[in-house]
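Descriptive structure summary
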Amino acid sequence: MSAAQEPHARTAPTVTLPGRPCSAAAALHVVGEKWALLAVREIFFGNHRFEAIARNTGAPRDRLAVRLRSLEQAGVVERRPYNERPPRYEYHLTDSGRDLAPVIRALLDWGDRWVREDRPVVMLHEPGADADSPVDSRADGPVHAQPSAHAHDLDAAWICRTCGEEVVMNTLTVDVRAPGWDRSGPRASSPSDS
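Read on for an overview of the structure. (Residues numbered from 1 in each chain as written. Predicted model: local features only at pLDDT ≥ 70, side-chain atom pairs only at ≥ 80, totals over all residues. Heavy atoms only, no water.)

1. Looking at unusual backbone geometry
Cis peptide bonds are those with omega within 30 degrees of zero, and the linkage from Arg85 to Pro86 qualifies with -5°. Checked against the element boundaries, Pro86 lands in the loop between strand E1 (77-83) and strand E2 (88-93). (Helix = DSSP H or I, 4+ residues; strand = E, 2+ residues; numbered from the N terminus.)

Structure follows, in structure tokens:
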């Protein structure tokens, strides 16, 4: 089992949803609302205070407050105090929240290709950066204010950790493991299922 497949401590409560049992549906139940993912994007970009998150997402303040609370309850973000009087908090990504970085990157890439004519936000890759060095505790995503001279636009590929090959759609198949379901949907129960 690869590191990406290893189970982690669950941070969000387990929910039973209608329809096909699926981790994508469960994930969307937690982060699938627009303001939730845009709040994660802003925190990943290094904006931790409510005012900046509200300004940069364009979210109505009341809806953003609800989304941030639900992300906190699900273990995606955590609040950290930055002022005692009056009490004020910043939002930071947890390990669960930081694991959404590829989702944000995929949405940026898809938007660049299919929705926008320009590229208003570009992720940069800095080869040689020490991936094992401690992350700045104030940063949840990019830690460098200025990219190095060796930084370049990220052109990431989806690579299978088991075989090292790049993944393309025509090499994928679906193995449905939820009891009572197959690719087309719920199976009709047969006498052998009893």
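2. Concerning the pattern of salt bridges
Here the structure, examined in full by the defined rule, presents 13 salt bridges. Across the salt bridge formed by Arg49 and Glu90, the nearest N and O atoms sit 3.2 Å from each other. Separated by 41 residues along the polypeptide, Arg49 in the loop between helix H2 (34-44) and helix H3 (50-57) and Glu90 in strand E2 bring together distant segments of the chain. Judged by relative accessible area, Arg49 falls into the partly exposed class, the value being 38%. Classification of Glu90 by relative accessible area gives buried; the value is 18%. We note a salt bridge from Glu72 to Arg79, for which the minimum N-O separation is 3.5 Å. Accessibility expressed as a relative area gives 29% for Glu72, which makes it partly exposed. Among the charged side chains, a salt-bridge network with shared partners connects Glu33, Arg63 and Arg67. (Salt bridge = Lys/Arg side-chain N within 4 Å of Asp/Glu carboxyl O. Buried < 20%, exposed > 50% of the residue type's maximum accessible area, 1.4 Å probe, protein only.)

3. A word on the layout of surface pockets
Of the voids in this model, the second largest pocket is the one considered here, and its volume is about 370 Å³. Around the second largest pocket, the lining is made up of 15 residues, and of these Leu38, Arg41, Ile104, Leu107 and Leu108 lie nearest the centre. Put simply, the parts of the chain that give the lining of the second largest pocket at least two residues each are H2 and helix H6 (101-114). The element contributing the most residues to the lining of the second largest pocket is H6, with 6 residues. In terms of residue class, the lining of the second largest pocket is made up of 10 nonpolar, 1 polar and 4 charged. (1 Å grid on protein atoms, 1.4 Å probe; cavity = no way out; pocket = protein on both sides within 12 Å on 5 of 7 lines; lining within 4 Å. Points joined across faces, edges and corners; volume = space filled by probe spheres on them. Nonpolar A, V, L, I, M, F, W, Y, C, P; charged D, E, K, R; others polar.)

4. Overview of the packing of aromatic side chains
All told, the structure shown has 1 aromatic pair when counted by the stated rule. Ring geometry for Phe44 versus Phe45: centroids 6.2 Å apart, planes at 50°, classification tilted. What makes Phe44 buried here is its relative accessible area of 11%. Given a relative accessible area of 30%, Phe45 falls into the partly exposed group. The aromatic ring of Tyr89 is capped on one face by Arg79, whose charged end is 4.1 Å from the ring centroid. (Phe/Tyr/Trp six-rings, centres within 6.5 Å; stacked < 30°, edge-to-face > 60°. Lys NZ or Arg CZ within 6 Å of the ring centre and 35° of its normal.)

5. Structural notes on the pairing of E2
Strand direction decides the pairing type here: E1 and E2, joined by 6 bridges, are antiparallel. Within E2, the residue paired with Arg79 across the bridge is Tyr91. Between E1 and the antiparallel strand that follows it, E2, lie 4 residues. (Pairing = 2+ DSSP bridges.)

6. A word on empty space enclosed by the protein
Tallying each qualifying case throughout the model produces 1 cavity of 30 Å³ or more. Roughly 70 Å³ of internal volume is contained in the largest cavity. If you go around the largest cavity, the residues you meet are Arg105, Leu108, Asp109, Asp112, Arg119, Val121, Val122, Met123 and Leu154. Class assignment of the residues belonging to the lining of the largest cavity gives a composition of 5 nonpolar, no polar and 4 charged.

7. Some points on H2
Most of H2 sits out of view: 9 of its 11 residues are buried. All of the buried residues along H2 are Trp35, Ala36, Leu37, Ala39, Val40, Arg41, Glu42, Ile43 and Phe44. Capping the start of H2 is the job of one residue whose side-chain oxygen sits 2.8 Å from the backbone nitrogen of Trp35: Glu33. The first or second residue beyond H2 is Gly46, which carries a positive phi of 100°. (Polar contact = N/O pair within 3.5 Å; in protein donor to acceptor, adjacent residues only side chain to side chain.)

8. A look at the side chain of Asp112
As for its placement among the helices and strands, Asp112 is situated in helix H6. In terms of polar contacts, Asp112 uses its side chain to reach the side chain of Arg119, at 3.4 Å. For Asp112, the residues in contact, after removing those within four places along its chain, are Asp118, Arg119, Pro120 and Val121. (Contact = heavy atoms within 4.5 Å.)

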